[in-house]
Amino acid sequence: VISLDTHITGFDARSWHRLVTLVAPGLSSRAPHEFDARAAEEGGTLLVLYHGERILRAVHTHRGVVAAGAWPGRDDLGALAQAHGARFVLAAEAGAVEELYERIGARVRLDDDLATTVLLALGAARELEDEGQLHLWPRLVDQRIPLPTATVLKRTFDFVLPDGRAALVALFDGDAIDTAVLAIRRGATLERVLGPEVLREVVGPLGGDFRRDYRVIRPAVERAFGPLAFGVFAETATVHALLRDERAGVWAEAIAARDVIMDPMPAWLAMAAGAGVVRAAAARSKGLMAGLGILGALNPTVRRIREVAEAVSGLDVERVLGFNPFRVLAEILRRSSPGDRGDQRTE
Amino acid sequence: VADADTETAPEALRAAMVRFPTLERARWGAIVAALREMGFNAIDVPLVWREHEAAHGVFDFTEGSLALDAMLATVRDAGMAAIVRLGPIATDDAPGLCLPDRVLRDRACQARTKRQNPVVVADPPRLVPLPSIASEAYRREATAWVAAASAALARIEAVHGPVARVIVGDGPHALLRDDPYEMDHHPDARGELAAIEPPHDGPQEPGLAEVRRERDLRVAFCDALVRAATEHGLSRARIVVAVPGAATISPAAHQLAAHHGLLLACPPPIAGTRAIWHQVRHARALAAATHFDVWSGAPPYYPPARGSHTVAAARVALAAGARDFTVRMGCAGDRWVGAVLSERGEARPHAHLWRELLAWAATLPTGEEIAADLVEDAALVEAARAATGVHPLPLGLLALLGLTPGQLGVAGAPLARGGTLGAHEDALATAEQRLIEAGVPVRRVPHAARGGLTMEQGEDPAAFAARAAAKLAAVVPAIEPRGAALVRAVQNGGRVHLVVCSQRAGEARVVPPGEGWTLPGGGTASAGVVLAPGAVLTLARDEEKHARPRTRAPRAAAATKARSTGRKRS
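Rules used throughout
- Residues numbered from 1 in each chain as written.
- Chains lettered and ligands numbered in written order.
- Predicted model: local features only at pLDDT ≥ 70, side-chain atom pairs only at ≥ 80, totals over all residues.
- Heavy atoms only, no water.
- Helix = DSSP H or I, 4+ residues; strand = E, 2+ residues; numbered from the N terminus.
- Buried < 20%, exposed > 50% of the residue type's maximum accessible area, 1.4 Å probe, protein only.
- Areas by Shrake-Rupley, 256 points an atom, 1.4 Å probe, with all protein chains shown as cover.
- Contact = heavy atoms within 4.5 Å.
- Lys, Arg positive; Asp, Glu negative; His and termini not counted.
- Charge placed at Lys NZ, Arg CZ, Asp CG, Glu CD.
- Buried area = accessible area lost by both parts, 1.4 Å probe.
- Salt bridge = Lys/Arg side-chain N within 4 Å of Asp/Glu carboxyl O.
- Polar contact = N/O pair within 3.5 Å; in protein donor to acceptor, adjacent residues only side chain to side chain.
- Nonpolar A, V, L, I, M, F, W, Y, C, P; charged D, E, K, R; others polar.
- pLDDT = per-residue confidence, 0-100.
- Pairing = 2+ DSSP bridges.
- Axes fitted to C-alpha atoms, helices over the stretch in contact; angles between N-to-C directions.
- 1 Å grid on protein atoms, 1.4 Å probe; cavity = no way out; pocket = protein on both sides within 12 Å on 5 of 7 lines; lining within 4 Å.
- Points joined across faces, edges and corners; volume = space filled by probe spheres on them.
- Phe/Tyr/Trp six-rings, centres within 6.5 Å; stacked < 30°, edge-to-face > 60°.

> Explain the overall build of chain A to me, please; I cannot follow it from the model alone.
Scanning chain A from N- to C-terminus turns up 16 helices and eleven strands. Sorting the 347 residues of chain A into buried and exposed places 50% on the buried side. Split by element, the accessible area of chain A, about 15,400 Å² in all, is 57% carbon and sulfur.

Here it is, written out as structure tokens:
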């Protein structure tokens, strides 16, 4: 996806922080003087290094070194997490991390692309987990599910963002663009990843309502950078809530209610929006149609969902990868500390 | 020489880094002017080896966007000082650790694990092999690069005048692999020596030998780079050495500080006020000249930091005594998010906070420190490193994030001076906590100042805290809630200054000790001052008119006396 030739520009600190903490709230920034307050909060990850039955060091990501007695064993990591107010535990037996480094060092090559590199590293970590030397609590993905191959990931990338196309996510805070990312693909990888500064420059003044502004943004972006494969327009707060909602079909409901506008909306995005509801739409479920209301059902976007669902029924990201990445993400986000802390636009 | 303002530059260097090869050359002038207008007085330019190497051994410093002479002329024309970094690992926004791929690929240059695999580190989107500073092949390559860059810079200096500072060495940012047992097993590093495991709380001698070997390799590498620079025309007096990670856990930093100025990274905002304060105070006591890197944004694969938080972290560093510093990044055209200026040279939303901070920085006091000192000497640092309890995680990075040497090592590890690492850390931490709660200026320092106020070995921490509070009473403010702020006291000629830095999310009330303390604007502070969360308060008192501190370090007293010769002392 990203290579050495990918240019990343156009992000100020605030817009980048807003974007990243949407999907990784645990990385949320804190002012130096907030350290003690953060340490007092529930959450974070506990890193444990143990040798035999003894814990050598336990480090909490919010609190630093914490006292921990005997190694409780893999099955009691939940209790250990609870005792330290952590939501995740990553534990390694003495020598395991070194072994992980050895295996990665032996396998990775300088010319490997990002997908290959990540899969090699995850594969080595999975081996050590299977060998009982590395432990993650809670287990987010069933251990029996094999990692996807680099070829599968490449095909998925081709599917999501074909060569020569761009993808846009523009998120609004009230009447202004809050954060955005525009990814442009040329050849095998992304050529440019651009932030809201570039978007504002290309689009110019906006009316202040994303439900109307998307009609201005899309053609302006396509004139400047080429055709969009997909575009997502919404309030940041809406996406924040949707990402944490594990119920099936919430994205489709949000699209139907025009809380999220997808334009253009390719087939895979319709599926990702909530396979269950979309399939129901494909089957002309009375319940779904009632839920959407007459106006909703007549909405072009909802009609599009239904058309797409009919065209792609059977395509299922869970079936491709062996697990539902959106459900895993929602589980992580649900456990993570609150991300955004109301940063000011003046920053 | 410790913590005196003996930097080579007469004026504090307040620099912004500019990655000029990634920016349109036509914008250089506007970018430099914008940074000058904000209050920066220097531009820091890292030279990235892989960008300037046109072919093996052929370097370009003159063409197009690589024109160092044109960039330095722009800086000079703006009336600003220039800082040039030669690396080899000069900045963390450039891919491949700044090294050409041919060097990364050369197995003779690669650091090795115990099983002779490459030591790879994250350099998104790749994992790249870390070079071995012990490798003869890599040293030849690295010194050849520094020699070529130095020669080019010397030619430019002959035309445009000297730059203010040259920085050589890797870093300053923590590398992700720095464990003494896991790397480096390059044949040039260890010869026929067998690999060993960390001793934890067993006999420490084999571990200490590993740590000292690692230290000596780093020092020899840095010395070779300095030699290459000076032999090719650069002034030794203007060179400082970059140290990766944190000096508090680096025996190499302790050794290098005896002969070189140091460049060190400030911890990021998320490390907290105390970690930043601690690192800066320690470094200022360690090296005669210290240059700090503070953050504005980061490469996109680092955890994100809000603009106001990076400014707040810089404020803590300055309050703790950082004098010369570089804001990374002032302006970059790629692979950096959150620089002060956009890629087009326009001020970002948080730029006004930097402007305010730079104006405030010029008002901060300098002089001799008055403090209660807790010593973490080189022997303790070596012992903690040898007894690492986080093997093979990076000690430098964890120290930068706030872990002390005593926390990084296994508690039961024996110390040569007697006792265990854990007991020593408990004593230091207890004394430090009590001193902070009492509002006493306190430092963790690398060595005891002769005759200074230092906790003695075996002294009860509570007793030392009480002794220090009594002896330094004249510079100990009352702070409510207790421990809500950190205190620094500075003596400069006939004036004593207090710098009080909030470290809590709530307000604090500061009542200075005795009469005569004034605020920067001239108002009196005797009745007390409310300190906002994260704020820094500076107070000053004219010592000639008011009671002097009852006790302070004799070295500081001697310095003051020397400056005040012939003047009647109260």
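We are not done yet, so read on.
> Quick question: what am I supposed to make of the overall build of chain B here?
In terms of helices and strands, chain B carries 17 helices and 21 strands. With the C-alpha coordinates aligned to their principal axes, the bounding extent of chain B is approximately 70 × 60 × 45 Å. When the 570 residues of chain B are sorted by exposure, 65% land in the buried category. Long-range pairs, those at least 24 residues apart, make up 75% of the contacts in chain B between residues at least 6 apart in sequence. Counting only carbon and sulfur atoms, one obtains 55% of the accessible surface of chain B, whose full area is about 18,600 Å². Distance between charge centres in chain B, computed from 63 positive and 61 negative side chains, equals 5 Å.

> Before we go on, may I ask you to explain the interface of chain B and chain A in this structure?
Where interface size is given, it is often the accessible area lost as the parts come together that is meant. Residue-level contacts link 71 residues of chain B with 57 residues of chain A. In total, chain B and chain A occlude about 5,300 Å² of area from one another, counting both sides; carbon and sulfur atoms represent 59% of this. The interface formed by chain B and chain A contains seven salt bridges. We note a salt bridge from Arg348 of chain B to Glu197 of chain A, for which the minimum N-O separation is 2.3 Å. Across the chain B-chain A interface, the total number found is 27 residue pairs in polar contact (both at pLDDT 80 or more). Of all the secondary structure elements, the ones that give two or more residues to the side of chain B that touches chain A are helix H4 (101-105), strand S7 (126-129), helix H9 (273-286), helix H10 (307-319) and helix H14 (405-408) of chain B. Tallied by class, residues from the side of chain B that touches chain A come to 33 nonpolar, 21 polar and 17 charged.

> Looking at this model, I keep getting lost on the pattern of salt bridges. Mind explaining?
A pair can form between side chains of opposite charge whenever their charged atoms are brought close. If you walk through the whole model with that rule in mind, you get 62 salt bridges over all chains. One salt bridge in this structure joins Glu141 of chain B and Arg102 of chain B, with 2.9 Å as the shortest N-O distance. Of the two residues, Glu141 of chain B sits in helix H5 (residues 136-160) while Arg102 of chain B sits in helix H4, which places them 39 residues apart along the sequence. Under the relative-accessibility criterion, Arg102 of chain B is labelled partly exposed at 26%. Among the ionic pairs, Glu376 of chain B bridges to Arg444 of chain B, the shortest N-O distance being 2.6 Å. Pair noted here: Glu376 of chain B is in the loop between strand S14 (372-375) and helix H12 (378-386) and Arg444 of chain B is in strand S15 (residues 442-445), with a separation of 68 residues, a long-range link. A relative accessible area of 2% means that Arg444 of chain B is categorised as buried. Via salt bridges that share partners, Glu99, Arg103, Arg107, Glu127 and Glu131 of chain A together with Arg115 of chain B belong to a single interconnected network.

> Before we go on, may I ask you to explain the confidence of the model for chain B in this structure?
Residues and elements named next belong to chain B. Per-residue confidence for chain B gives a mean pLDDT of 91, with 94% of residues at or over 70. Segment residues 1-9 is flagged for pLDDT under 50; beyond a separation of four residues in sequence, or across chains, it makes 32 contacts in the model. Scored below 50 in pLDDT, residues 550-570 shows 39 contacts in the model against residues more than four places distant or in partner chains. At the level of chain-chain contacts, confidence expressed as ipTM amounts to 0.91, with global pTM at 0.90.

> I'm lost on the sheet that holds strand S19 (residues 508-511) of chain B in this one. Help?
Where strands meet in a sheet, backbone hydrogen bonds hold them as pairs that are either parallel or antiparallel. All names here are of chain B. The three strands lie next to each other as S16-S19-S20, forming an open sheet whose pairing is antiparallel. Edge positions in the open sheet fall to strand S16 (478-480) and strand S20 (529-531), since each of these has one partner strand only. Across the sheet, the mean angle separating the axes of adjacent strands is 25 degrees when strand polarity is ignored. Here three bridges tie S16 to S19, and the two strands are oriented antiparallel to one another. Within S19, the position partnered with Glu480 by the bridge is Arg509.

> Looking at this structure, I do not really get the layout of surface pockets. What am I missing?
Computed from the structure, the second largest pocket encloses a volume of approximately 490 Å³. The wall of the second largest pocket is formed by 21 residues, among which Thr9, Val198 and Glu201 of chain A together with Glu343 and Arg344 of chain B lie closest to the centre. Among the secondary structure elements, those contributing two or more residues to the lining of the second largest pocket are strand S1 (7-9), strand S9 (189-194) and helix H7 (196-203) of chain A. Ranked by residues supplied to the lining of the second largest pocket, first place goes to H7 of chain A with four residues. Here the lining of the second largest pocket is built from residues that sort into six nonpolar, six polar and nine charged.

> Could you clarify how one ought to interpret the confidence of the model for chain A in this entry?
Where the model shows low pLDDT, its predicted coordinates should not be examined in detail. All names here are of chain A. Here chain A averages 82 in pLDDT, while 79% of its residues score no lower than 70. Here residues 308-315 is a poorly scored stretch, pLDDT under 50, and it has eleven contacts once near neighbours within four places are set aside; other chains count. Note on residues 343-347: pLDDT is under 50 here. Beyond four places in sequence and across chains, it has 20 contacts.

> How do you make sense of the sheet that holds strand S13 (residues 368-370) of chain B when you look at a structure like this?
Residue and element names in this part refer to chain B. Ordered in space as S13-S17-S18-S21, the four strands form an open sheet in which the pairing is antiparallel. Where the open sheet ends on each side, the last strands, each with one partner, are S13 and strand S21 (536-542). For this sheet, the mean angle separating the axes of adjacent strands, direction not counted, is 25 degrees. Here strand S18 (residues 495-502) pairs with S21 via seven bridges, running antiparallel. Across the sheet, residue Arg495 finds its bridge partner in S21, namely Asp542. Relative to the sheet, H9 contacts S13, strand S17 (485-492) and S18, its axis offset from that of S17 by approximately 25 degrees.

> Would you take a moment to explain the pairing of S18 of chain B for this structure?
In summary, the side chains of a regular strand alternate between the two faces of the sheet. All names here are of chain B. Most of S18 sits out of view: seven of its eight residues are buried. As judged from the eight bridges shared by S17 and S18, these two strands associate in the antiparallel manner. Bridging across to S18, Asn492 finds its partner in Arg495. From the end of S17 to the start of S18, which pair antiparallel, there are two residues, and Gly493 there has a positive phi angle of about 60 degrees.

> I'm lost on the environment of Ala416 of chain B in this one. Help?
By the secondary structure assignment, Ala416 of chain B is in the loop between H14 and helix H15 (421-437). Between the alpha carbons of Ala416 of chain B and Ala246 of chain B there is a distance of 23 Å; along the sequence they are 170 residues apart.

> I'm lost on helix H3 (residues 68-77) of chain B in this one. Help?
Each turn of an α-helix holds 3.6 residues, which means side chains three or four residues apart point in the same direction. Residue and element names in this part refer to chain B. H3 sits mainly inside the fold: seven of its ten residues count as buried. Within the span of H3, buried status applies to Leu68, Ala70, Met71, Leu72, Ala73, Thr74 and Val75. Tucked inside the fold, the buried residues of H3 contact strand S1 (14-19), helix H1 (28-38), strand S2 (42-46), strand S5 (81-87) and H5.

> Sorry, what's going on with empty space enclosed by the protein here?
Gaps left between atoms show up when a probe the size of a water molecule is rolled over them. All names here are of chain B. Overall, the coordinates contain seven cavities of 30 Å³ or more when judged by the stated rule. Quantified by volume, the largest cavity comes out at close to 550 Å³. Forming the walls of the largest cavity are 35 residues, and the residues nearest its centre are Ile133, Met183, Glu214, Arg218 and Arg385. In terms of residues, the lining of the largest cavity owes the most to one element, helix H7 (residues 205-231), which gives seven residues.

> Before we go on, may I ask you to explain the side chain of Glu432 of chain B in this structure?
Residues and elements named next belong to chain B. Among the secondary structure elements, Glu432 is positioned in helix H15. When its relative accessible area of 11% is taken as the criterion, Glu432 is described as buried. Apart from residues no more than four positions distant in its own chain, Glu432 is found in contact with Arg274, Leu374 and Arg444.

> Sorry, what's going on with the packing of aromatic side chains here?
Residues and elements named next belong to chain B. What the rule picks out here adds up to twelve aromatic pairs over all chains. Arranged with centres 6.0 Å apart and planes meeting at 25 degrees, the rings of Tyr138 and Phe221 form a pair that is stacked. In this pair, Tyr138 is assigned in helix H5 and Phe221 in helix H7, connecting sequence segments 83 residues apart. Both residues of the pair, Tyr138 and Phe221, belong to the buried class. Taking 5.4 Å as the distance between ring centres and 75 degrees as the angle between the ring planes, the aromatic pair formed by Tyr301 and Tyr302 counts as edge-to-face.

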